[in-house]
Every structure is written in C-alpha cells, then in structure tokens.
Amino acid sequence: MAADWVRYVNGEGGRSPRNGRVTWWEIGNELYMQGDASGGATTPERYADRVIEFARAMRAVDPDIRIAAIGLRNCGRYRFNSHDNWNEVVLRRAGQEIDLLAVHNAYSPVIPDARGLDPLDVYAAMWAFPRLIARNLADTRAEIARFVPGRAGRIGVGVTEWGPLFAVDPASPLIDHVKTLGSALFVASALRVFAEEPSVELANFFKLNESLFMGWIGRRQNQWAMTAPAMAFRMVARGMESGLLASSVEVATYASRAIGFVDRVADAPYLDVLASAAPDRASVTVLLINRHPSAAIAARVALGGASGATALTSETLSGDAPDANTGTDLLRIPGLRWGEQARIGPRGRFHQGAEGEIRLERQALGPAGAETLVRVPAHAITLLRFEGLRRP
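A brief report on the enclosed structure follows. Counting restarts for each chain: residues are numbered from 1 in the order of the written sequence. A pLDDT threshold of at least 70 governs which residues receive local features in this predicted model, and a stricter bar of 80 or more applies before side-chain atom pairs are shown or counted, although totals over entire chains, interfaces and linings include all residues. With hydrogens and water stripped out, all remaining heavy atoms of the structure feed into the side-chain values.

## Side note on a nonpolar patch on the surface
Patch membership needs two things, relative accessible area over 30% and no salt bridge, and members are linked within 9 Å if like-charged or within 5 Å if nonpolar (Val, Leu, Ile, Met, Phe, Trp, Tyr). The protein chains shown are the only cover counted for residues, whose accessible areas, like all others here, come from Shrake-Rupley with a 1.4 Å probe. Just to be clear on terms, a salt bridge is a Lys or Arg side-chain nitrogen sitting within 4 Å of an Asp or Glu carboxyl oxygen. Taken together, the side chains of Leu-212, Leu-331, Ile-333 and Leu-336 define a hydrophobic patch exposed on the protein surface, amounting to about 270 Å² of accessible area. Among the structural elements, Leu-212 can be located in the loop between strand E7 (200–203) and strand E8 (217–220). A relative accessible area of 32% means that Leu-212 is categorised as partly exposed. Secondary structure elements follow DSSP: runs of H or I of four or more residues count as helices, runs of E of two or more count as strands, with numbering from the N terminus. Between buried and exposed lies partly exposed: a residue is buried under 20% and exposed over 50% of the maximum accessible area for its type, with that area taken using a 1.4 Å probe on protein chains only.

Listed below in structure tokens is the structure:
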C-alpha cells in the first residue's frame, strides 16, 4: 500500500507530470506511545523491522525519496515514549534504510491539570522550554552518531510536530491559550533552536488552521483569522535572511518551575536572539525576543565585522499582556463545554481578544553605527534589518 501511494503521487521513478513530487515520507506516527489513539502502538523491534520492509518497497518505486522513521528521546518530565530504548533499537536495526529521525519533542507546556497553578508560572515554563528542546536535539544527534556511526552525517532530525500546547482536556482553563502573544514568543524561540541545531533538516508546526484549540489560523466572526503564533511565524519566515550567523546574548536570567511535562530551567534568559545574513552579507537581520512578563529590555546590538549600516528598520509584534490575542473563537459543539479561560494577572487581556490586540508595527530608524540601542517591549518580538553594511 505504501509503495502504491508513492507510485500514485510521484509516478514511476518520480516523473509524474500531473501530481508533482513528494520527497519526504514519514513511516508511522507516535507508535511508541502505549494506548496510541490509532491503535497501532508497537515495540521498537517490530517497528524497525516494518520500517525496513516499507522503505525497500517504497524505494523500489522511486529510489530518490527520503524516508523518516519516528523516534523520541525522553527527557526528564517530557516522557511520551513508552520505550526508553526505542531510538537505539530503531537506529541500530533500520539506520541503513532511513534519512531522518522524526521526533515530537517540542510541545509546551502540556499541563494535564492546571488547578492551583499561576498562569504566569505556566507561561514562564513554556518560554524556558526551548533550552530543553535544544538539549534534547543535541542528545538525539549524539544518539544517531553512536548507534549508526557509518551514516551519522546522512541521517538528520525532523521535528514533524511542534507548537504551543497547554492541554487537551476541554475543561482546562488554559486550553485556548495556544492563540496568545505568549505562545508567539515560544514559537519564535523554538524557531531559533531549530535554526541553530545543525541536525535539524525540517520542522513542521501543528497545526495550520482549525476551529478548535490548536489552529494557528482560527475563526473569528465566521472568518479565518491569524493568531499571534501565526503572525510570529510569518514575521520570521518572511523577514529573516537565509544565512545563519553566530549570535550570543548577555542578559539577566530567571528560574522557571517544573510544571506539567516541562522540567525546571534554572537559567532561562529573558532575551533570546537569532541572527542571519543575506548571501552577499550586505544585509543582516536580528530577531530579539523579550520573554520578560512586564519589563521592556534596552538591547545593545553589536554586529561583529561591521562599522555600521546605511539603513536600519524594525518590526515589532506586541500586545498589552502575555495573554493578548486576536479574538479567535472555539468551535461550539453540542454537548461539549469549554472551560472558563484563565487570564494572566490583573491586567490580563485574554477576554478582550480582538484584531487590534496584537500589534505589528514597522519603523524606519535611519542609519546605524557599529552598536545600536533598541528598546524591545515586554513580552514582545522585534526584528531588526540592517541594510548596506559598512566594513571597517
């Protein structure tokens, strides 16, 4: 059946003029979870043997496709894999047949029971979680090198589901907080982690649009409307250049609580940064993510190897509270009652959701010197673009 699917989509040898061509094929989904809703939960041994069968049958139709096997390295409280040896077994048995290990290690904060929790503590844990994602990805890369040493440079990592996820119980007071500005900060920081981890070849957020609680495009007054996470994603995807630059930040840190499936982080920085450059290095973009719940940060940005720029522009995504949102609605389903949603502190804006609650403001800042001082509002994202860089 899988071989026929490749044949149908790609045509024999991948030369279908009608359908175009699909390169990546992931075999299975979260089958390492006992009680998986698909009913397909299995052992790593059985799964690895099936991957070999599937991969060979599919490549017999189109030898140029790339195949992903599923895996997940448990990390502290983030334990969704029922088999601690899953990655080792799959990589040792099927490592010669795959091109990618597909993981779902970047959902946050995942709170089974939010009763008695301060929502701001939950947000702080979510904002700190990208540090744990980075560690997990590096450990996964090390597992690939250890268990399939002959192909370590040819098997990448794909994060084939990720995104803000507070709960799955409709009664949760945080179920609908995926749409908030605070969730957008998590999205931007997770993108930084994916960009800077050398093994990551792709990352697919979950999910694009729906009328329930996980769509990054939701429904507002019977029309589709972007949420803050979608706006942050578009801001990074459209605004940043393609060439990764090394970056570092010196800023105060905070300690987050261990909450839900997210471990405590002792040293989460309030400011996150990602930098990129155009191929000719004439333009540089710098993404600044202020994860402080109430204070703006005056960031001094220094570009190594440049004495200034002829033009500097900024784009800032902000709102009046971390729970500000564009006012998308949960789908009303007969017999289903959604929980009353929490707000973040006395100034919380969750229930004032509307199109203008999330602001995207652009500003021309003129020429820039070797160092630039930029104010990033509290719980906000600023993207700087330096054009016409001058070299000393």
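## Details of the side chain of His-379
Within the secondary structure layout, His-379 lies in the loop between strand E18 (371–376) and strand E19 (380–390). Given a relative accessible area of 6%, His-379 falls into the buried group. A distance of 3.4 Å separates the side chain of His-379 from the backbone nitrogen of Ala-321, its partner in a polar contact. Pairs of residues are marked as contacts when any of their non-hydrogen atoms sit within 4.5 Å. Non-local contacts of His-379, meaning those with residues more than four positions away in its chain, are made with Leu-181, Leu-185, Asn-290, His-292, Pro-293, Gly-319, Asp-320, Ala-321 and Pro-322. Polar contacts here mean pairs of N or O atoms no more than 3.5 Å apart (in protein, one a potential hydrogen donor and the other a potential acceptor; neighbouring residues in sequence count only if both atoms are side-chain atoms).

## Notes on the pattern of salt bridges
One pass over the structure, following the stated rule, counts 29 salt bridges. Between Arg-300 and Glu-371 there is a salt bridge whose closest N-O contact spans 3.9 Å. Taken as a pair, Arg-300 in strand E15 (residues 297–302) and Glu-371 in strand E18 lie far apart in primary sequence, 71 residues in all. By relative accessible area, Arg-300 is classed as exposed at 57%. Among the charged side chains, a network of salt bridges with common partners joins Arg-56, Arg-59, Glu-97, Asp-99 and Arg-151.

## Concerning the nonpolar core
Residues Trp-162, Phe-194, Val-286 and Phe-386 are the most contacted members of the largest nonpolar core, which totals 117 residues. Each residue touching Phe-194, except ones within four places of it in the same chain, is listed here: Ala-106, Ile-133, Leu-137, Val-159, Trp-162, Val-200 and Ala-203. Think of a nonpolar core as a cluster: buried Ala, Val, Leu, Ile, Met, Phe, Trp, Tyr and Cys residues, connected wherever their side-chain atoms sit within 4.5 Å.

## Some points on the packing of aromatic side chains
Only Phe, Tyr and Trp rings take part, Trp by its six-membered ring, and two of them pair if their centres are within 6.5 Å. Stacked means planes under 30 degrees apart, edge-to-face means over 60, and tilted covers everything else. Applying the stated criterion across every chain yields a total of 15 aromatic pairs. Ring geometry for Tyr-78 and Phe-129: centres 5.5 Å apart, planes at 25 degrees, overall stacked. In this pair, Tyr-78 sits in the loop between strand E2 (66–70) and helix H3 (86–94) while Phe-129 sits in helix H4 (residues 119–147), placing the two residues 51 residues apart along the sequence. On the accessibility criterion, Phe-129 (3% relative accessible area) is buried. Arranged with centres 5.0 Å apart and planes meeting at 75 degrees, the rings of Trp-162 and Phe-194 form a pair that is edge-to-face. With Trp-162 in strand E6 (residues 162–165) and Phe-194 in helix H5 (residues 181–196), the pair connects residues that are 32 residues apart, well separated along the chain. For the pair Trp-162 and Phe-194, a shared accessibility class is recorded, and that class is buried. Among the aromatic residues, those joined into a cluster by ring pairs are Trp-162, Phe-194, Phe-205, Trp-216 and Phe-233. Two thresholds decide whether a charge sits over a ring: the Lys NZ or Arg CZ must be within 6 Å of the ring centre and within 35 degrees of the ring normal. The ring of Trp-224 carries Arg-219 above its face, with NZ or CZ at 4.5 Å from the centroid.

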